Amino acid sequence: MQPPNDKNFPARVYAGGSGLPGPDAVEGAEPVLVSDTVTFAVEYRLFVLDGEVRTGSRYAARGDLDVAPLAEDPRRAEVLAFAERPAGSGLPRAVVVDVGLVDGSGWAVVEANAVWVGGHYACDADAALDVVLRAARPEAEFGASDHPFLRPVPEAVRD
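Residues numbered from 1 in each chain as written. Predicted model: local features only at pLDDT ≥ 70, side-chain atom pairs only at ≥ 80, totals over all residues. Heavy atoms only, no water.

> Explanation requested: the overall build of the chain in the structure shown.
Helix and strand content of the chain: 3 helices and 5 strands. Burial status across the chain gives 30% buried among its 159 residues. Roughly 9,800 Å² of accessible area belongs to the chain as shown, and the carbon and sulfur atoms make up 52% of that amount. (Helix = DSSP H or I, 4+ residues; strand = E, 2+ residues; numbered from the N terminus. Buried < 20%, exposed > 50% of the residue type's maximum accessible area, 1.4 Å probe, protein only. Areas by Shrake-Rupley, 256 points an atom, 1.4 Å probe, with all protein chains shown as cover.)

Encoded structure:
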């Protein structure tokens, strides 16, 4: 379970309702993503710009930290082939997408996040920065496909 827009509380498996975050972490009307528990054999972080994977990194194997550049990973072609599917499917033009190989089920999207939320692991830092900068440009430079993902900046922050 995790919040879809911000990292207000950690995404993790909650054993029961008593362990869920309260109103100090999430407002009453805030949507929360809930899914079945799955086991990923391997997970990857992809920095995607305009539907193209600009850089990627393996970051976990069997739940343990296992970092390596995507270019050096034996599953690179599989990861990129799967990543072509979610491109352009309702995601912002600049986004981080985590994908993984689920035991017995094939490839799945772990989550999609704003590019400034997660680390870049062994991704090419310059390529990742290009994606971050695209997501952080002035409001007037965003296209129509990005508008659903923009949030208003509070007046106090603008001054």
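> Could you clarify how one ought to interpret the nonpolar core in this entry?
Generally speaking, soluble globular proteins have nonpolar side chains that are buried together. Listed in full, the 12 residues of the largest apolar core are Val42, Tyr44, Leu46, Val48, Leu70, Val79, Phe82, Ala83, Val95, Val97, Val99 and Leu101. Listing elements by their share of this core, those giving two or more residues are β1 (40–49), α1 (76–83) and β4 (94–102). Other than its neighbours up to four places away in sequence, Val95 contacts Leu46, Phe47, Val48, Ala112, Asn113, Val115 and Val131. The next biggest cluster of nonpolar side chains, apart from the first, holds 9 residues, and it includes Leu49, Val115, Ala128 and Ala135. (Core = buried A, V, L, I, M, F, W, Y, C linked by side-chain atoms within 4.5 Å. Contact = heavy atoms within 4.5 Å.)

> I tried to follow a nonpolar patch on the surface on my own but got confused; where do I start?
Taken together, the side chains of Leu65, Val67 and Tyr121 present a nonpolar region at the surface, about 290 Å² in accessible area. Residue classification places Leu65 among the exposed positions, given a relative accessible area of 65%. (Patch = residues over 30% accessible without salt bridge, like charges linked within 9 Å, V, L, I, M, F, W, Y side chains within 5 Å. Salt bridge = Lys/Arg side-chain N within 4 Å of Asp/Glu carboxyl O.)

> Hey, could you run me through the environment of Leu133 in this one?
Mapping Leu133 onto the fold places it in helix α2 (residues 125–135). Assessed through its relative accessible area of 51%, Leu133 is described here as exposed. Once the C-alpha coordinates of Leu133 and Val115 are considered, the two residues, 18 residues apart in sequence, prove to be 9.1 Å apart.

> Could you clarify how one ought to interpret the side chain of Asn113 in this entry?
Mapped onto the elements of the fold, Asn113 is located in strand β5 (residues 106–113). Assessed through its relative accessible area of 14%, Asn113 is described here as buried. A polar contact of 3.4 Å, which involves the side chain of Asn113, links it to the side chain of Glu111. (Polar contact = N/O pair within 3.5 Å; in protein donor to acceptor, adjacent residues only side chain to side chain.)

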